[in-house]
Amino acid sequence: MKKPLMRIPYTGPLPPPTIIPGFANTPTGARHALTRFLSPQVLPNAHLSSVDKASTKTVLLTGAGISVASGLADYRGTGGTYTLNRTYRPIYYNEFTSNHEARKRYWARSFLGWTNLHKARPNVAHNAVKDLGKLGLVSSVITQKLHGYLRSLVCIHCHNQLPRSDFQNSLSSLNPQWATFLEEMLATGALNSENPGERKARGLKSNPDGDVDVPNAPYTTFRYPACPTCLASPPALADGTRASVEVDDDGAWSPTSNAGVLKPAVVMFGESIASDIRTAAERAIDKASRLLVVGSSLATYSAWRLVKRAKERHLPIGILNLGGVRGEESFYAGLETANEGELGVRCNESADQLLPEVVDNLRHY
Ligand SMILES: [Zn+2]
């Protein structure tokens, strides 16, 4: 059997972007160029090949950068490296599914980090995306599921979903000492601050996926619940035998089990995207007349590949991201110099400042 390729996020430093068109290097210029890009009146028909020439629909591909203004740290700074903790490395899917100790550590840190993610609300950039939809300019939005779906969990065996709030309560009752520690941290305000320096001063390090690092914390004692569905009715394993799902007296998952493991309902690093989701994303690209990337450095292969697909289909590509984007120069190869944004745009601006202004422009275009 062919070994599946391990998907590793691109963590090398990325070169700064070349702004396209050249005048988009100021907020006003960027606003003009992005308005041209999204405007239904400027159709770069000559550059559309097999796609529907009558379509004026843009597909949006959004990343973690769109959530920065919601109080969630971005994964990468403008240099394309992890901004908060340079030694930080996200957990990989294989590690999570195969290693009980790794899961304890993941859930302990996530338990402490959840309170902040929970508070995060849609920001002006999210609202601008919604407005673009209302104006009929966006046909679909492909989100890289980093934040939104941290609000739920999925069982890796039976695929049932659970709300994160219930899970958080279970973690709390299974780990009373951690729950007390969390309350203390909340009381000192260490978790309220998004300022990494301030957090560090209070003994905390945090990472953008809601991961909080407690120095010397006894992760090994952390307990997490089993999937209630698998516990009530153990699923069949690949070899046809019935799985065994065991819990301790309080309901914590026991390492003698071979099923009933819950994971956050996000696509983890190293995890393949379900084929139906991938197909839906590809279909959205195939039906679109443009692709706009917002707040993503395309570090994950699946996101990068969608943009490559759009380029191969000769779609105009827009990128609104602070800092470099993986392989971006290839997305603008062969662009006409007369372009004012309608054939392609690259702005190095923050989405929460620029997008609402562009929406405003488009209302009166
Ligand atoms: Zn299950």
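Quick caveat: nothing in here was measured; it's all calculated off a predicted structure. Counting restarts for each chain, with residues numbered from 1 along the sequence as it is written. Two thresholds apply to this predicted model, a pLDDT of at least 70 for residue-level local features and 80 or more for giving and counting side-chain atom pairs, whereas whole-chain, interface and lining totals are computed over all residues.

Trainee: Residue-level account of the packing of helix α9 (residues 275-287) against helix α10 (residues 301-312), with values.
Mentor: Orientation of α9 relative to α10, taken along the N-to-C sense of each, is 30 degrees, at an axis distance of 9 Å. It follows from the interaxial angle that α9 and α10 lie roughly parallel. The way α9 lies across α10 gives a crossing that is right-handed. Here α9 contributes Ala281, Glu282 and Ile285 to the contact with α10, which in turn contributes Leu306, Arg309 and Ala310. Looking at side-chain class alone, the contact of α9 with α10 contains four nonpolar, no polar and two charged residues. Orientation is described by axes fitted as lines to C-alpha atoms, over the contacting stretch for helices, and by angles from 0 to 180 degrees between their N-to-C directions. Strands are runs of DSSP state E lasting at least 2 residues, helices are runs of H or I lasting at least 4, and numbering of each runs from the N terminus. Note that the term roughly parallel is reserved for angles under 35 degrees, roughly antiparallel for angles over 145, roughly perpendicular for angles of 65 to 115, and oblique for everything else. Helix crossings fall into two classes, left-handed where the near helix is turned counterclockwise from the far one by less than a right angle and right-handed where it is turned clockwise. Note on contacts: residues are paired as contacts if their backbone-placed C-beta atoms lie within 7 Å. Throughout, the ten residues Ala, Val, Leu, Ile, Met, Phe, Trp, Tyr, Cys and Pro are labelled nonpolar, Asp, Glu, Lys and Arg are labelled charged, and all others, Gly among them, are labelled polar.

Trainee: Give me the sheet that holds strand β2 (residues 138-143): which residues, what numbers.
Mentor: Taken in spatial order, the five strands make up an open sheet running β2-β1-β8-β9-β10, and their pairing is parallel. Edge positions in the sheet fall to β2 and β10 (344-347), since each of these pairs with one other strand and no more. On average, each strand axis in the sheet is tilted by 15 degrees relative to the strand beside it, whichever way the strands run. One requirement defines pairing of two strands: DSSP has to find at least two bridges between them. By the bridge criterion, four bridges tie strand β9 (residues 317-320) to β10 in an arrangement that is parallel. The residue bridging Ile317 from the neighbouring strand is Gly344, located in β10.

Trainee: Which residues make up the confidence of the model for the protein chain, and what are the values?
Mentor: The predicted model of the protein chain has a mean per-residue pLDDT of 80, with 75% of residues at 70 or higher. Here residues 1-8 is modelled with pLDDT under 50, and outside its nearest four sequence neighbours on either side it reaches five contacts, counting other chains as well. Here pLDDT means the predictor's own confidence in every residue, given as a number from 0 to 100. Scored below 50 in pLDDT, residues 48-54 shows ten contacts in the model against residues more than four places distant or in partner chains.

Trainee: Pulling in residues and values, what's your account of the UniProt feature "binding site: Zn(2+)" (unreviewed entry) in the protein chain?
Mentor: UniProt positions are given in the numbering used here, feature names are shortened, and annotations may be inferred rather than shown by experiment. Look at the UniProt record and you will see "binding site: Zn(2+)" (unreviewed entry) annotated at Cys155, Cys158, Cys227 and Cys230. For this annotated set, covering 76 residues, all C-alpha atoms fall within 8.6 Å of each other, a compact arrangement in space. C-beta crowding within 10 Å serves as the criterion here: with 21 such atoms nearby, Cys155 is assigned to the buried category. Aside from chain neighbours lying at most four places away, what touches Cys155 is Asn160, Cys227, Thr229, Cys230, Gly260, Val261 and Leu262. Inspection of the secondary structure assignment puts Cys230 in helix α8 (residues 228-232). Exposure classes come from backbone-placed C-beta atoms, where a residue is buried if 20 or more other C-beta atoms lie within 10 Å of its own, exposed if 12 or fewer do, and partly exposed in between. What makes Cys230 buried here is the crowd of 23 C-beta atoms within 10 Å. Among residues more than four places away in sequence, those in contact with Cys230 are Cys155, His157, Cys158, Pro235, Ala243, Val245, Ala259 and Gly260.

Trainee: Please set out the environment of Tyr332 residue by residue, giving values where relevant.
Mentor: In this fold, Tyr332 is placed in the loop between α11 (328-331) and β10. Its 19 C-beta neighbours within 10 Å are what place Tyr332 among the partly exposed residues. Those residues in contact with Tyr332 that lie beyond four places of it in its chain are Ile20, Gly344 and Arg346.

Trainee: Before we move on, can you summarise α9 with the specific residues and values?
Mentor: Each helix should span, by expectation, one fewer than its residue count multiplied by 1.5 Å. Taking 1.5 Å per residue as the helical rise, α9 with its 13 residues ought to reach 18 Å, and the 18 Å between its terminal C-alpha atoms agrees with that figure. Along α9, the residues classified as buried are Ala281, Ala284 and Ile285. An end-on view of α9 places all buried positions within 100 degrees of arc, on one side of the element. Exposed side of α9, more than 90 degrees from the buried face: Ser275, Asp276, Thr279 and Arg283 are the residues found there. On the buried face of α9, the contacting elements are β1 (58-62), β2, β8 (290-294) and α10. Note: the arc covers the axis-to-C-beta directions of the helix.

Trainee: Any details on unusual backbone geometry? Residues and values, ideally.
Mentor: For the bond from Ile20 to Pro21, the omega torsion is -15 degrees, close enough to zero to count as cis. Of note, Pro21 is situated in the segment before α1 (27-38). Of note in the backbone geometry, His159 takes a positive phi value of approximately 65 degrees without being a glycine. Among the secondary structure elements, His159 is positioned in the loop between β3 (152-155) and β4 (161-163). One non-glycine residue, His314, lies in positive phi territory at about 60 degrees.

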